[in-house]
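Letter by letter, the chains look like this.
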Amino acid sequence: MTRGLCVAIVFLFLAGAPVLAGQQPATEGFVPASELPPDQQLPAAPFLIGAYAFIWLALVFYLWTIWRRLGKVEQEMRALDERQRSHAR
Amino acid sequence: MRKLFAPLLVLTAVMFAYAPVVIANTRYESTMFLVQKIFYFHFASWMAWAAAIGVCGIASAVYLFRADPRGDRLAVAGAELAILFGAFGLVTGSLWGRKAWGVWWQWDARLTMALMAELIFVGYLLVRKYGGPGAEKLAAGMGIFGAATTPFIYKSVDWWRTIHPQTSVVRNLGETAPDMYGAMLFCTVAFLLLFASLLTVRVHLESRRAELDRLYLALEDQP
Amino acid sequence: MSFATTAFLVLKKDFTIEVKSGEILYTTLFFAVSCVLIFAIAFVREGQPVEGAGAGILWIAVLFAGNLALGRTFERERYGETVRALLLTPAPRAAIYVGKLLGIVALLVAAECLLVPMVAFLFDAPLFARPLLLAAILGLGTVGFASVGTLFAAMLVRSRTRDVMLPILLYPITVPVIIAGVLGTSALLQSPADEPVALLWIWLLVSFDVVFVTLALWTFEPLMTE
């Protein structure tokens, strides 16, 4: 049960993060351009987007590693369980 | 904790979904304009990093003096998250620095020491992985020492002249630019919540591993 | 037996063994000198030493030699299986730690006595312009490095991978001390010597030493318990 919940949660995060990551540049894009001096606008944006994109990508990657490690442990546990059951028989 | 986890996760997700709107609505800083908006996640990352190191240090001490395995699990989770949030802070800071200072990296006191703190916790994980039997205790010692050097990193910019803004900048922000201060607080809370949820998941992983080890041992003991 | 007596006895024990064999002192000194010579080859261009290299070379030589000395000191204890005996004595553990720490510091100070003139001579560095300040920086830096080093080397005696683990544990944690030591020394090497900056770093070294020694005394007992 808890495992199912955890996987679901991780999936939620995994599925949610790219959507949010996709929104990131769009949200920055709607900033009224008139407030910016024209020479500042272009060069700063890649750094800003890069910074926020990195955070999202690293976070997704980290969650993926946790999910994988958890999957491995659970798999091993099931194998152990089966072995024990066959032992008992 | 398990009951609290779902609401915590939902709250974190909502705050992160709303964070871009909050950040977009703040005014532009007068000299750095758009690129200054990195600040909100940069600062929040370092706050979560500090929380992670604090958790690692305190949990290490608890493990060392009380021999409580839960302290050990919490300490690993804290160390791993310290690396993650430290990487957030270093990369966003580097990108910001490229625009604001014109260089990717500056060998000034705070940057150097932040990098070294990152190294300490990478070393922590290496010790755990390759230290052999008894590595948990070694790692706990390292966690305590690592946490003890962090306050020096925090104060380093106030003690000697560096290129990095001083810590008083953040304190004064409440008076000079309340909207910026609000966005900063919002992002910091979001990151701390993210830290709490990641910590819960990571500790869960570690306790499942402990359970697995226990099962293996029980199997070996069987005739 | 009081705290000071125990610490002194541990120090005396190490000192007596060392005087008889000289193993650690001579190997450490030789290693430190080879380090400096390697750097001399790497950092001398067209017969002129690279400017400001002296401080860094001095400290790297001290650190490498320190790592070697720490490893050897506890390796000897492991061979004789004397760590367990030391820990079984009804003496305060912290006193054993202090005795060991003093031994390592004495060894490193002996190495520094050789290294400083050598670096000054080979790299044309005015190391003796402010002898007291230099002695303070070197002494405080050595204590900071050795306090963490002694603790971790003692812990690692039982570990299988101690040779690899010691530098991995030690260098990241002592980097603040190394930074302070190198920058403080190079402030002294400038002409004219930048005394206020050197004093700032000395003050920082003092605070590091206080934190590290306190923590080491506090954690030595639980870390050494099996």
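Residues numbered from 1 in each chain as written. Chains lettered and ligands numbered in written order. Predicted model: local features only at pLDDT ≥ 70, side-chain atom pairs only at ≥ 80, totals over all residues.

> Break down the overall build of chain B for me, citing the residues and quoting the values.
Regarding its fold elements, chain B presents 7 helices and 0 strands. When the helices and strands of chain B are placed in sequence order, the string is α-α-α-α-α-α-α. In terms of overall dimensions, chain B has C-alpha extents of about 75 × 40 × 25 Å along its principal axes. Looking at chain B as a whole, 49% of its 223 residues qualify as buried. Across chain B, the fraction of contacts at a sequence separation of at least 24, relative to all contacts at a separation of at least 6, is 75%. (Helix = DSSP H or I, 4+ residues; strand = E, 2+ residues; numbered from the N terminus. Buried ≥ 20, exposed ≤ 12 C-beta atoms within 10 Å, placed from the backbone. Contact = placed C-beta atoms within 7 Å.)

> Please give an account of the overall build of chain A that cites residues and values.
Looking only at helices and strands, one finds 2 helices and 0 strands in chain A. Burial analysis of chain A (89 residues in total) assigns 13% to the buried set.

> So what's going on with the nonpolar core? Which residues, and what values?
Residues Ala48, Ala52 and Ala82 of chain B are the most contacted members of the largest nonpolar core, which totals 149 residues. Contact partners of Ala52 of chain B, with chain neighbours within four places excluded, come to Gly78, Leu81, Ala82, Phe85 and Phe195 of chain B. (Core = buried A, V, L, I, M, F, W, Y, C linked by C-beta atoms within 7 Å.)

> So what's going on with the interface of chain B and chain C? Which residues, and what values?
Contact with chain B, which involves 25 residues of that partner, is made by 22 residues of chain C. Every element with two or more residues in the side of chain B that touches chain C is listed here: α2 (38-66), α4 (109-130) and α5 (135-159) of chain B. If you tally residues by element for the side of chain B that touches chain C, the top one is α5 of chain B, at 10 residues. Its residues placed into classes, the side of chain B that touches chain C shows 16 nonpolar, 8 polar and 1 charged. (Nonpolar A, V, L, I, M, F, W, Y, C, P; charged D, E, K, R; others polar.)

> Before we move on, can you summarise helix α1 (residues 3-21) of chain C with the specific residues and values?
Every α-helix winds through 3.6 residues per turn, so residues three or four apart in the chain are directed the same way. Residue and element names in this part refer to chain C. Taking 1.5 Å of rise per residue, 19 residues should cover 27 Å, and α1 covers 28 Å from first to last C-alpha, within 8% of that figure. Among the structural elements, α5 (93-122) are those in contact with the buried residues of α1. Just downstream of α1 lies Gly22, where phi reads positive at about 70°. (Expected span 1.5 Å × (residues − 1).)

> An account of the packing of helix α3 (residues 53-79) of chain C against helix α7 (residues 162-189) of chain C is needed here, citing residue identities and associated values.
Axis angle and axis distance: for two packed helices, these are the angle between their axes and the distance between the axes, and together they describe the pair. Residue and element names in this part refer to chain C. Running from N to C, α3 and α7 point in directions that differ by 150°, and their axes come no closer than 9 Å. One element, α3, and the other, α7, form an angle in the roughly antiparallel class. Seen along the crossing, α3 lies across α7 with a hand that is right-handed. Along its contact with α3, which presents Gly54, Ala55, Gly56, Leu58, Trp59, Leu63, Asn67, Leu70 and Gly71, the element α7 presents Asp163, Leu166, Pro167, Leu170, Ile178, Gly181, Val182, Thr185, Ser186 and Leu189. Partitioning the contact of α3 with α7 into residue classes produces 11 nonpolar, 7 polar and 1 charged. (Axes fitted to C-alpha atoms, helices over the stretch in contact; angles between N-to-C directions. Parallel < 35°, antiparallel > 145°, perpendicular 65-115°, else oblique. Left-handed = near helix turned anticlockwise from the far one by under 90°.)

> Kindly report on the confidence of the model for chain B, identifying the contributing residues and their values.
All names here are of chain B. Looking at chain B, pLDDT values average 84 and 90% of them are 70 or higher. Confidence scores differ between elements of chain B, with helix α6 (residues 168-176) showing the lowest mean pLDDT of 70 and α2 the highest of 92. Taken over the whole predicted complex, pTM reads 0.81, whereas the ipTM for its chain interfaces reads 0.83. (pLDDT = per-residue confidence, 0-100.)

> For the confidence of the model for chain A, give the residues involved together with the corresponding values.
Overall, the predicted model of chain A reaches an average pLDDT of 67, with 52% of residues at or above 70. Here residues 1-36 of chain A is modelled with pLDDT under 50, and outside its nearest four sequence neighbours on either side it reaches 39 contacts, counting other chains as well.

> Give a detailed account of α2 of chain B, specifying residues and quantitative values.
Residue and element names in this part refer to chain B. In this model α2 runs 41 Å from its N-terminal to its C-terminal C-alpha over 29 residues, within 8% of the 42 Å that 1.5 Å per residue would give. Among the 29 residues of α2, 24 are classified as buried, and the element is accordingly described as predominantly covered. Of the residues flanking the end of α2, it is Ala67, one or two places downstream, whose phi is positive at about 55°.

> For the environment of Leu205 of chain C, give the residues involved together with the corresponding values.
Residue and element names in this part refer to chain C. Within the secondary structure, Leu205 sits in helix α8 (residues 195-224). As a C-alpha pair, Leu205 and Val177 span 28 residues in sequence and 6.4 Å in three-dimensional space. Once residues lying within four places of it in the same chain are set aside, the contact partners of Leu205 are Ile137, Leu140, Gly141, Gly144, Val177, Ala180 and Gly181.

> Talk me through the packing of α4 of chain B against α7 of chain C; I want residue IDs and the actual numbers.
Two numbers describe how α4 of chain B lies on α7 of chain C: the axes approach to 9 Å, and their chain directions differ by 165°. Judged by the inter-axis angle, α4 of chain B sits roughly antiparallel to α7 of chain C. Seen along the crossing, α4 of chain B lies across α7 of chain C with a hand that is left-handed. Residue-level contacts link Thr112, Met113, Met116, Leu119, Ile120, Gly123, Leu126 and Val127 of chain B of α4 of chain B to Met165, Ile168, Leu169, Pro172, Ile173, Val175, Pro176 and Ile179 of chain C of α7 of chain C. Per-class residue counts for the contact of α4 of chain B with α7 of chain C are 14 nonpolar, 2 polar and no charged.

> Can you tell me about the environment of Ala7 of chain C, naming the residues and giving the values?
Considering the arrangement of structural elements, one finds Ala7 of chain C in helix α1. Residues Ala7 of chain C and Ala91 of chain C lie 84 residues apart in sequence; the distance between their C-alpha atoms is 9.4 Å.

> Tell me what's going on with the environment of Ile173 of chain C, and back it up with residues and numbers.
Structurally, Ile173 of chain C is set in helix α7. In this structure Ile173 of chain C comes out as buried when scored by C-beta crowding, with 27 C-beta atoms within 10 Å. Ile173 of chain C sits 28 residues away from Phe145 of chain C along the chain, and the two C-alpha atoms are 9.0 Å apart. When neighbours within four sequence positions are excluded, Ile173 of chain C is seen to be in contact with Ile120, Met142, Phe145, Gly146 and Thr149 of chain B together with Val148 of chain C.

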